[in-house]
Amino acid sequence: MTPNTMGKSATVAPRARTPGDMRSLILSQLDDDQAKDVVSIDLAGKSDVADALIICSGRSQRHVGAMADKLQRALKEAGFGTPSVEGMPACDWVLIDAGDVIVHLFRPEVREFYNLERIWAPELFAESEVGEEGFAPSTDAMSVTENTPDGEKG
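All of the points below concern the structure found in this document. Each chain carries its own residue numbering, running from 1 in the direction its sequence is written. Where totals are concerned, whole chains, interfaces and linings use all residues; where local detail is concerned, this predicted model gives features only for residues with pLDDT of at least 70, and gives and counts side-chain atom pairs only at 80 or more. Think of the side-chain values as coming from all heavy atoms in the structure, minus any hydrogens and water.

Points about the nonpolar core
The term nonpolar core refers to a set of buried residues drawn from Ala, Val, Leu, Ile, Met, Phe, Trp, Tyr and Cys, joined through side-chain atoms within 4.5 Å. Only protein chains enter the accessibility calculation, which uses a 1.4 Å probe; a residue whose area is less than 20% of its type maximum is buried, one above 50% is exposed, and one in between is partly exposed. Counting residues in each nonpolar core, the largest one holds 21 residues, and the members touching the most others are Ile 26, Leu 30, Leu 75, Ile 96, Val 103 and Leu 105. Each helix is a run of H or I in the DSSP string that is no shorter than four residues. Each strand is a run of E no shorter than two, and both are numbered from the N terminus. Elements supplying a minimum of two residues to this core: helix H1 (19-32), strand S2 (52-57), helix H2 (61-77), strand S4 (93-97) and strand S5 (101-106). Per-element tally for this core: the top contributor is H2, with 5 residues.

A short note on the packing of aromatic side chains
For Phe, Tyr and Trp, where Trp contributes only its six-membered ring, two rings pair if their centres lie within 6.5 Å, and the inter-plane angle classes them as stacked under 30 degrees, edge-to-face over 60, or tilted in between. Tallied over the full model, the rule gives 3 aromatic pairs. Ring plane angle 50° and centroid distance 4.7 Å describe the contact between Trp 93 and Tyr 114, whose orientation is recorded as tilted. Here Trp 93, found in strand S4, pairs with Tyr 114, found in helix H3 (residues 108-114); they are 21 residues apart in sequence, far enough to count as distant. Trp 93 sits in the partly exposed class, given a relative accessible area of 28%. On the basis of relative accessible area, Tyr 114 is assigned to the partly exposed category, the value being 39%. Put simply, the rings of Trp 93, Phe 106, Phe 113 and Tyr 114 pair up and form one aromatic cluster.

Overview of unusual backbone geometry
Residue Gln 34 is not a glycine yet carries a positive backbone phi of 60°. With respect to the helices and strands, the residue Gln 34 is situated in the loop between H1 and strand S1 (36-42). Backbone geometry places Cys 91, a non-glycine residue, at a positive phi of 60°. The exposure class of Cys 91 is buried, given its relative accessible area of 10%.

Focus: H2
Expected span of a helix: the number of residues minus one, times 1.5 Å. Compared with an ideal rise of 1.5 Å per residue, which puts 17 residues at 24 Å, H2 spans 24 Å between its outermost C-alpha atoms and is within 8% of the ideal. Residues of H2 that are buried: His 63, Val 64, Gly 65, Met 67, Ala 68, Leu 71, Ala 74 and Leu 75. After H2 finishes, the residue Gly 79 shows a positive phi value of roughly 90°.

Given below as structure tokens:
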């Protein structure tokens, strides 16, 4: 011990938590929980509600519910507080509002129906890509379907 610290216990200031830390924790937890088709969208300049939006799918209602429960516990244990959670009873679509990051956990059919990626990140979609499986990010290998004005698939 040096004379300056003799008899004093050294305290370490807790590291400040940032939205980037929260996003990294969430993405890591979703990867550990085997979430499918994870998309992280930066909302800077698009919305004042949050800094990021993370969308992913689970294999079943039980998988979606388990991911939501584990994510909620991980955020609390990491010091980010207890997030607001909606949709847990049905687990078709669970929304976790962690403040700086909003997470949407879907069953695949429900995710395809609401297609939030198309709303919040249209730049991920190539308008010229048309296929059988619904809209999907152009960074993905999935194809896209668009309805024509007369109601037929194009």
